[in-house]
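# What the coordinates show
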Amino acid sequence: MQDRTYTENAEPGDDVTVAGWVHEIRDLGGIAFLILRDTTGKIQIKFEKDEMDEDLVETGLGVSRESVVSVSGSVEEEPRAPTGVEITPDELEVISEADPELPLDPSGKVDADLSTRLDNRTLDLRKEEVQAIFEIRAEILRAAREQFREFHCTEINTPKIVATGTEGGTELFPITYFGEEAFMNQSPQLFKQLIAGSNVERVFEIGPIFRAEEHNTPRHLNEATSIDFEGAFCDADDAMDVAEGVVTAAYEAVAENCSDELEALGLAEEFEAPDGDFPRLSYEEAIERINATGELDEQLVWGDDLPTEAEKALGDDVGGHYFITDWPSEIKPFYIKDHDDDEQLSTGFDLMHPRMELVSGGQREHRHEALIEGFKQQGLDPDQFEYYTKMFKYGMPPHAGFGLGGERLIMTILGLDNIREAVLFPRDRQRLSP
RNA sequence: GCCCGGGUGGUGUAGUGGCCCAUCAUACAACCCUGUCACGGUUGUGACGCGGGUUCAAAUCCCGCCUCGGGCGCCA
């Protein structure tokens, strides 16, 4: 195995050993072909029945699809072969035989339901287009990290087991922590603020968040990847600049570095990175614009949250990414700061993709007294959050940040219909394994 | 959490009371075929989510459960 050659590197004239999965066997009678697949692609193995060792032919053509085999032989140029080269085998070893009855078809001739695919993710990932999603996911996360570094951010990791939630206890997964009640964290919100208030100033985190909401939609997960930013001495506009930069960088990285994967997904032709200058509509402008579309039965009034229908109408109208800024304070969390000259108006913003919300952010309340007041107004006991609030007594700069839904970013970049496509092993209301 | 629509061989489907001992594709088995590239051909194997009910007769209608998908709410 140490001398194994990847199929894409098998050059005519070489004697090689390739190893991988049996993608398909085509038996034409006197001649037969075994298509061997590895992580780099496929290569054809030729069997001429009358001219080759009988045992070799029997083993090679008797093996079931998706079995793991290793083949040694000479690579020859062959225009009639799918990749232009084929291997004439001297030796073939069946390393791991596959059950002939597969739970789904990795060659993709017959579709499988998402549920069947997720139950058999290993087989599902043998499909080129599924593998492409996760190669692109890796590239998106790499590009996001790089972009944050360019914005002088430090990557942090905050605890996922916590004593209290961000906004109360209702939508948290409770766990037992050495006999004490604890929760899976729904957001790194409070922790990232605590670090932004130190000399570190600018931080980002890419990590899991857990939400116990019993929704069942194509765009929600109970365990998701949150891409978070928090920066000291930043205001909402600064945070929006960062969000815009990260989202745009992700698109650009995919466009530049993932052409094979886009090809596999059938997106190579139409794929386009946005120009990175997303319109910033105030909440007030947004509801006016939604009302003007005439898509809604009832006109929105100031103070309403935007129903899904309204988001869709506005998304169609704008036709690309856009921000909604200056939301009514009442419908934004308490830790979002109000405008100094209008306490009805928050500095909260959302970044919207025409299909759904991607980002939620804002400038944070950094004044200790106002923060304590915010907890009380939200019906939360400030004492429970003392680990957090007390740091606001020792020099907390103004700061702003956001949370970006990692899977939603991947989903919208690739036009996936279901967010579960963007996660290897998604956790939803019904799915706890694999 | 509320509302809607589904669950048929390994996989994906057709089939709204008897005309269907369940259709088609693919997979699987056997045979034929010396250049396939979704190879082709012949034959064969294999299924009505679970439990109860209605009916002379149920995949099909009703009830409960499990499960999948979608919409809304909420969100990232």
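Refer to the preceding data block for the structure.
No experiment lies behind these values; they were computed from the predicted model shown. (Residues numbered from 1 in each chain as written. Chains lettered and ligands numbered in written order. Predicted model: local features only at pLDDT ≥ 70, side-chain atom pairs only at ≥ 80, totals over all residues. Heavy atoms only, no water.)

On the basis of which strands lie adjacent, the open sheet formed by 8 strands has the order S6-S10-S11-S18-S17-S16-S13-S12 and mixed pairing. Only two strands of the sheet have a single neighbouring strand rather than two, namely strand S6 (154–155) and strand S12 (280–282). When strand S13 (residues 322–325) meets strand S16 (residues 349–353), the two strands line up antiparallel, connected through 3 bridges. The residue bridging Tyr 322 from the neighbouring strand is Met 352, located in S16. Its contacts with the sheet place helix H8 (residues 283–293) against S12 and S13, and it is angled at close to 85° to S12. (Pairing = 2+ DSSP bridges. Helix = DSSP H or I, 4+ residues; strand = E, 2+ residues; numbered from the N terminus. Contact = heavy atoms within 4.5 Å. Axes fitted to C-alpha atoms, helices over the stretch in contact; angles between N-to-C directions.)

Before going further, it helps to examine the sheet that holds strand S5 (residues 85–96). Working definition: the strands of a sheet are paired by backbone hydrogen bonds and lie parallel or antiparallel to each other. Read once around its circumference, the closed barrel built from 5 strands follows the order S1-S2-S3-S5-S4, with strand pairing classed as mixed. Ignoring strand direction, the axes of neighbouring strands in this sheet form an average angle of 50°. For strand S4 (residues 68–77) and S5, the ladder comprises 10 bridges, and the chain directions are antiparallel. Bridged to Val 68 within S5 is Ser 96. Helix H1 (residues 54–62) contacts strand S1 (15–27), strand S2 (31–38), strand S3 (41–48) and S5 of the sheet and is inclined by roughly 75° relative to S5.

Moving on, we get to the nonpolar core. If you look at the biggest cluster of nonpolar residues, it comprises 50 residues, and the most contacted ones within it are Phe 148, Phe 402, Leu 404, Ile 413 and Leu 414. In terms of residue count, helix H6 (residues 236–257) provides more of this core than any other element does, 10 residues in total. The residues contacting Phe 148, other than those within four sequence positions of it, are Cys 153, Phe 204, Ile 227, Asp 228, Phe 229, Val 242, Val 246 and Phe 402. In terms of nonpolar packing, the next biggest core, distinct from the first, is built from 21 residues, Val 22, Phe 47, Val 63 and Val 85 among them. (Core = buried A, V, L, I, M, F, W, Y, C linked by side-chain atoms within 4.5 Å. Buried < 20%, exposed > 50% of the residue type's maximum accessible area, 1.4 Å probe, protein only.)

Counted according to the given criterion, the structure contains 16 aromatic pairs. Ring geometry for Phe 323 against Phe 349: centres 5.8 Å apart, planes inclined by 75°, an arrangement best described as edge-to-face. Highlighted residues: Phe 323 in strand S13 and Phe 349 in strand S16, separated in sequence by 26 residues. Residues Phe 323 and Phe 349 agree in their burial class; the two are buried. Members of the aromatic cluster, joined through ring pairs, are Phe 334, Tyr 335, Phe 375, Phe 385, Tyr 388 and Phe 392. Sitting over the ring of Phe 323, Arg 280 keeps its end group 5.2 Å from the ring centre. Positioned over the ring face of Trp 327 is Lys 332, at 4.8 Å from the centre of the ring. (Phe/Tyr/Trp six-rings, centres within 6.5 Å; stacked < 30°, edge-to-face > 60°. Lys NZ or Arg CZ within 6 Å of the ring centre and 35° of its normal.)

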